[in-house]
Amino acid sequence: MAARRVFGATRTWAGCRARELPHPAAPGRLLVRDYAKKPVIKGGKGSKAGVGSDGLKDPEVCTDPIRLTTHAMGVNIYKEGQDVVLKPDAEYPEWLFQMNVGPPKKLEELDPETREYWRLLRKHNIWRHNRLSKNRRF
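Residues numbered from 1 in each chain as written. Predicted model: local features only at pLDDT ≥ 70, side-chain atom pairs only at ≥ 80, totals over all residues. Heavy atoms only, no water.

Draft legend 1. Region of interest: the overall build of the protein. Helix and strand content of the protein: three helices and two strands. For the protein, the succession of helices and strands along the chain, N to C, is α-α-β-β-α. The buried share among the 138 residues of the protein stands at 5%. (Helix = DSSP H or I, 4+ residues; strand = E, 2+ residues; numbered from the N terminus. Buried < 20%, exposed > 50% of the residue type's maximum accessible area, 1.4 Å probe, protein only.)

Draft legend 2. The side chain of H71, seen in detail. Of note, H71 is situated in strand β1 (residues 71-72). Excluding residues within four positions of it along the chain, H71 makes contact with D83, V84, V85 and L86. (Contact = heavy atoms within 4.5 Å.)

Draft legend 3. Up close: the pattern of salt bridges. Tallied over the full model, the rule gives one salt bridge. A salt bridge links R67 to D83, with the shortest nitrogen-to-oxygen separation between them at 3.7 Å. Placement of R67 in helix α2 (residues 65-70) and of D83 in the loop between β1 and β2 (84-85) is noted, with a sequence separation of 16 residues between them. Residue classification places R67 among the partly exposed positions, given a relative accessible area of 26%. (Salt bridge = Lys/Arg side-chain N within 4 Å of Asp/Glu carboxyl O.)

Draft legend 4. Local environment of the environment of E60. Among the secondary structure elements, E60 is positioned in the loop between α1 (2-15) and α2. Take E60: its relative accessible area is 81%, and that puts it in the exposed class. The sequence separation of E60 and G74 amounts to 14 residues, and the corresponding C-alpha distance is 9.7 Å.

Draft legend 5. Quick look at the confidence of the model for the protein. On average, residues of the protein score 79 in pLDDT, and 70% of them are at 70 or above. Looking over the protein, one finds the lowest element-wise mean pLDDT in α1, namely 53, and the highest in helix α3 (residues 115-134), namely 95. (pLDDT = per-residue confidence, 0-100.)

Draft legend 6. Fine view of a nonpolar patch on the surface. A cluster of nonpolar residues, W95, L96, F97, M99 and V101, forms a patch on the protein surface that exposes about 570 Å² of accessible area. Note on placement: F97 falls in the loop between β2 and α3. (Patch = residues over 30% accessible without salt bridge, like charges linked within 9 Å, V, L, I, M, F, W, Y side chains within 5 Å. Areas by Shrake-Rupley, 256 points an atom, 1.4 Å probe, with all protein chains shown as cover.)

Draft legend 7. A look at the side chain of D83. Looking at D83, the relative accessible area reads 18%, which means it is buried. If we skip the residues at most four places from it in the chain, D83 touches R67, H71, A72, M73, G74 and N76.

Here it is, written out as structure tokens:
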């Protein structure tokens, strides 16, 4: 039964003649093809008048030393609200003060018995291999 439906449907589809698409330039039809319009910038080319006063502005810089030592300035991501107040050092975890915030250590400065040494060594070898294989021809 299912085969009859499938074959019957194909016979019906095969018996239909192909539909013709309407001619785009037929009378009463207007054919317009164009690229999207470029946005109009007020003030002309090269002038600063095009940049409106509604544009992005830099945040205000705080110069108050007391506020800088008691608040985390620039951490608040919301438009409204206060900056985060810093807690005493005892309330933060120990590892936070042991983090290296300076430049990364060089391979010679690390102990070969540590995991960081071997990770950095592998990274250097990958960089070296990539530099060497950049000029290799196929």
